[in-house]
Every structure is written in structure tokens, then in C-alpha cells.
Amino acid sequence: MSLIDTRATKRCPYCHVMLKVADTKCFQCKNKVGPADEYGIAKKPTDWWSYIIAIISCGGFGYFMYWLFFLKDKGG
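Residues numbered from 1 in each chain as written. Predicted model: local features only at pLDDT ≥ 70, side-chain atom pairs only at ≥ 80, totals over all residues. Heavy atoms only, no water.

**Observations regarding the overall build of the protein**
Definition in use: Only DSSP runs of H or I reaching four residues or more are called helices, and only runs of E reaching two or more are called strands; each is numbered from the N terminus. Only protein chains enter the accessibility calculation, which uses a 1.4 Å probe; a residue is then buried when its area is under 20% of its type maximum, exposed when over 50%, and partly exposed in between.
Helix and strand content of the protein: 1 helix and 2 strands. Seen in sequence order, the protein has helices and strands lined up from the N terminus as β-β-α. The buried share among the 76 residues of the protein stands at 14%.

**Looking at the side chain of K10**
Test applied: Asp and Glu count as negative and Lys and Arg as positive, but His and the ends of the chain are not part of the count. Salt bridge criterion: a side-chain nitrogen from Lys or Arg within 4 Å of a carboxyl oxygen from Asp or Glu. Throughout this description, a polar contact denotes any pair of N or O atoms lying within 3.5 Å of each other; where both atoms belong to protein, one of them has to be capable of donating a hydrogen while the other can accept it, and for residues adjacent in sequence the pair is counted only when both atoms sit in side chains. Only heavy atoms matter for contacts: two residues are in contact if any of them lie within 4.5 Å across the pair.
Checked against the element boundaries, K10 lands in strand β1 (residues 9-11). Of the buried charged residues, K10 lacks a salt bridge, with D23 as the closest side chain of opposite charge at 6.9 Å. A distance of 2.8 Å separates a polar side-chain atom of K10 from the backbone oxygen of D23. Contacts of K10, omitting those with residues within four sequence positions, involve V17, M18, L19, K20, V21, D23, V33, G34, P35, A36, G40 and A42.

**Points about the nonpolar core**
Note on soluble globular proteins: their nonpolar side chains tend to be buried together. Test applied: Definition of nonpolar core: a set of buried residues of the types Ala, Val, Leu, Ile, Met, Phe, Trp, Tyr and Cys, connected through side-chain atoms within 4.5 Å.
Ranked by size, the top nonpolar core spans 6 residues in total: C12, V17, L19, C26, V33 and A42. In this structure, C26 is in contact with C12, C15, V17, L19 and N31, ignoring residues within four places of it in sequence.

**Some words on the packing of aromatic side chains**
Quick note on the threshold: Put simply, two rings from Phe, Tyr or Trp (the six-membered ring, in Trp's case) pair if the centres are within 6.5 Å, and we call them stacked under 30 degrees between planes, edge-to-face over 60, tilted for the rest.
Here the structure, examined in full by the defined rule, presents 3 aromatic pairs. Relative to Y51, the ring of W48 lies with its centre 5.8 Å away and its plane at 50°, an arrangement referred to as tilted. Note that W48 and Y51 are positioned in helix α1 (residues 48-71) at a spacing of 3 residues, about one turn of the helix.

**What about a nonpolar patch on the surface?**
Formally: Think of a patch as exposed residues, more than 30% relative accessible area, with no salt bridge, where like charges cluster within 9 Å and nonpolar side chains (Val, Leu, Ile, Met, Phe, Trp, Tyr) cluster within 5 Å. Surface accessibility follows the Shrake-Rupley procedure with a 1.4 Å probe radius. Residue values consider only the protein chains on display as shielding.
Taken together, the side chains of W48, W49, Y51, I52, I53 and I56 make up a nonpolar region of the molecular surface, amounting to roughly 770 Å² of accessible area. Turning to its location among the elements, I52 is positioned in helix α1. Residue class for I52 comes out partly exposed when judged on its relative accessible area of 39%.

**Observations concerning unusual backbone geometry**
Despite not being glycine, H16 has its phi angle at roughly 65°, a positive value. You can see H16 is positioned in the loop between β1 and β2 (18-20). Residue classification places H16 among the partly exposed residues on the basis of a relative accessible area of 47%.

**Digging into the environment of M18**
For M18, the position within the fold is in strand β2. Along the sequence, M18 and A42 sit 24 residues apart, while their C-alpha atoms lie 9.7 Å from each other.

If you want it as C-alpha cells, here you go:
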């Protein structure tokens, strides 16, 4: 039997320190943490800004390639 009640705690997915269930930020590594999964490990929150920046970057690169191969010689 564990000395710590596993229903009242969760583990940080980054540094594996024990946190309270209500905590949203790890006190040791300062990363945001989500709710606990069935194993008691907190879920990593989705970093939506990274996805948005990646999509915009791919779109900009695609436009650059279009301009480079199709519009550059036409004076566009």
C-alpha cells in the first residue's frame, strides 16, 4: 500500500514530481500540466501556437516556391 493517496495526486510528465490534482503548473519545472490520466500522470497540454506557426510557415514556403517557379519569370 502506498503512503500517498494516488487519487489526490498526479505526476508531472516532464520532471515526474508529485503534484496535487488541482495544480495546473509544476512547482519544480514550471511547465503547465493537464488532468491526470488513468495511470496518475498529468497530460501535456497541447501547444496550439506551435501548430499555428508551423501551418503559416508551410503556407509561406509554399507561396515562395510558387512564386519562385511560376511567377518570377513573368515579372509578378
